[in-house]
Amino acid sequence: MDIQKLYETYFSTVYKYIYSLSRDAHTAEEVTQETFFKALRHASDFRGDCRLSVWLCQIAKNCYLDELRKRKRQNPPDVLETMQSTDDLEGRYIEKEKALRIHEKLHRLKEPYKEVFSLRVFGELSFREIGELFGKSENWARVTYHRARMRIKEELENEDHL
């Protein structure tokens, strides 16, 4: 496996995927580098059951989760920093509650709807990029995103009518 060609071909895909999860360019860069290092070390483990980009993104996701665990152990939250001021506490609570409801509905979605929605909304990936990541067409990504969005919207509306 030619690591230089692998890196040049898939760097952007892996980087954008991790950026969509972390929302931090520095973290995305570090995790992407670690991903290619691990891919090189474990190249013999690639069985060809999926596309190479999917395999790399799986490694990247695991590297990112390892990074989160490491940070949590190293930097426990400071109590003073986590305390919120009372300014507009009610407004922040309502917004946080809405976001939590959307995330709950998103969490209950089946794959690939959940991941396509997350990559589009949080990762800001184009439909073309999402389609490529899944080995599908741009149109498939659009339809899958639309269906996910509609399911979340319907569940929220049904919840509001109760």
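Everything that follows concerns the structure shown earlier in this document.
This is a predicted model, so every value here is computed, not measured.

**A short note on helix α7 (residues 127-134)**
Thinking step 1. Considered for burial, the residues of α7 that qualify are F127, E129, I130, G131 and L133.
Thinking step 2. Just downstream of α7, G135 is the residue with a positive phi angle, here 75 degrees.

**Some points on unusual backbone geometry**
Thinking step 1. In this structure, the amide linkage connecting E111 to the following residue, P112, adopts the cis form with an omega of 5 degrees.
Thinking step 2. Examined against the element boundaries, P112 turns out to sit in the loop between α5 (89-108) and α6 (113-121).
Thinking step 3. The phi dihedral of R23 is positive, around 60 degrees, even though this residue is not glycine.
Thinking step 4. R23 sits in the partly exposed class, given a relative accessible area of 41%.

**Regarding the nonpolar core**
Proteins that are soluble and globular tend to have nonpolar side chains buried together.
Thinking step 1. Counting 31 residues, the largest nonpolar core has I18 and L56 as its most contacted members.
Thinking step 2. Of all the secondary structure elements, the ones that give two or more residues to this core are α1 (3-22), α2 (25-41), α3 (52-74), α6, α7 and α8 (138-160).
Thinking step 3. If you tally residues by element for this core, the top one is α3, at eight residues.

**Let's talk about α2**
Because each turn of an α-helix spans 3.6 residues, side chains separated by three or four positions end up pointing in the same direction.
Thinking step 1. Given a rise of 1.5 Å per residue, 17 residues ought to cover 24 Å, and the 24 Å separating the end C-alpha atoms of α2 matches this to within 8%.
Thinking step 2. Of all the residues in α2, the buried ones are T27, A28, V31, T32, T35, F36 and A39. Down the axis of α2, the buried set is contained in an arc of 160 degrees. They therefore lie on one face.

**A few points about the pattern of salt bridges**
Between side chains of opposite charge, pairing is possible as soon as their charged atoms come close.
Thinking step 1. Summed over all chains, the structure comprises six salt bridges.
Thinking step 2. The shortest N-O distance in the salt bridge between K16 and E129 comes to 2.1 Å. One end of the pair, K16, is in helix α1; the other, E129, is in helix α7, with 113 residues separating them in the sequence.
Thinking step 3. Exposure remark for K16: the relative accessible area of 30% places this residue in the partly exposed category.
Thinking step 4. Its relative accessible area of 15% is what places E129 among the buried residues.

**Focus on the environment of R147**
Thinking step 1. Mapped onto the fold, R147 is located in helix α8.
Thinking step 2. Sequence spacing of R147 and F117 is 30 residues, and the spatial spacing of their C-alpha atoms is 9.2 Å.

**Considerations on the side chain of T32**
Thinking step 1. Relative to the elements of secondary structure, T32 occurs in helix α2.
Thinking step 2. One polar contact links the side chain of T32 to the main-chain carbonyl oxygen of A28, over a distance of 2.6 Å.
Thinking step 3. For T32, the contacting residues outside a window of four places in its chain are F11, V14 and Y15.

**Brief notes about the packing of aromatic side chains**
Thinking step 1. With the rule as written, the count across this model stands at seven aromatic pairs.
Thinking step 2. Here the aromatic rings of Y7 and F11 are separated by 5.1 Å at their centres, their planes lie at 45 degrees, and the arrangement is tilted. Here Y7 pairs with F11, and both are found in helix α1, just four residues apart, close to one helical turn.
Thinking step 3. Between Y7 and F36 the ring centres are 5.0 Å apart and the planes differ by 70 degrees, which places this aromatic pair in the edge-to-face class. Within this pair, whereas Y7 is found in helix α1, its partner F36 is found in helix α2, the two being separated by 29 residues in sequence.
Thinking step 4. Put simply, the rings of Y7, F11, Y15, Y19 and F36 pair up and form one aromatic cluster.
Thinking step 5. Between R151 and the ring centre of Y113, over which it is positioned, the NZ or CZ distance is 4.3 Å.

What counts and what doesn't
- Residues numbered from 1 in each chain as written.
- Predicted model: local features only at pLDDT ≥ 70, side-chain atom pairs only at ≥ 80, totals over all residues.
- Heavy atoms only, no water.
- Buried < 20%, exposed > 50% of the residue type's maximum accessible area, 1.4 Å probe, protein only.
- Helix = DSSP H or I, 4+ residues; strand = E, 2+ residues; numbered from the N terminus.
- Core = buried A, V, L, I, M, F, W, Y, C linked by side-chain atoms within 4.5 Å.
- Expected span 1.5 Å × (residues − 1).
- Arc of directions from axis to C-beta.
- Salt bridge = Lys/Arg side-chain N within 4 Å of Asp/Glu carboxyl O.
- Polar contact = N/O pair within 3.5 Å; in protein donor to acceptor, adjacent residues only side chain to side chain.
- Contact = heavy atoms within 4.5 Å.
- Phe/Tyr/Trp six-rings, centres within 6.5 Å; stacked < 30°, edge-to-face > 60°.
- Lys NZ or Arg CZ within 6 Å of the ring centre and 35° of its normal.

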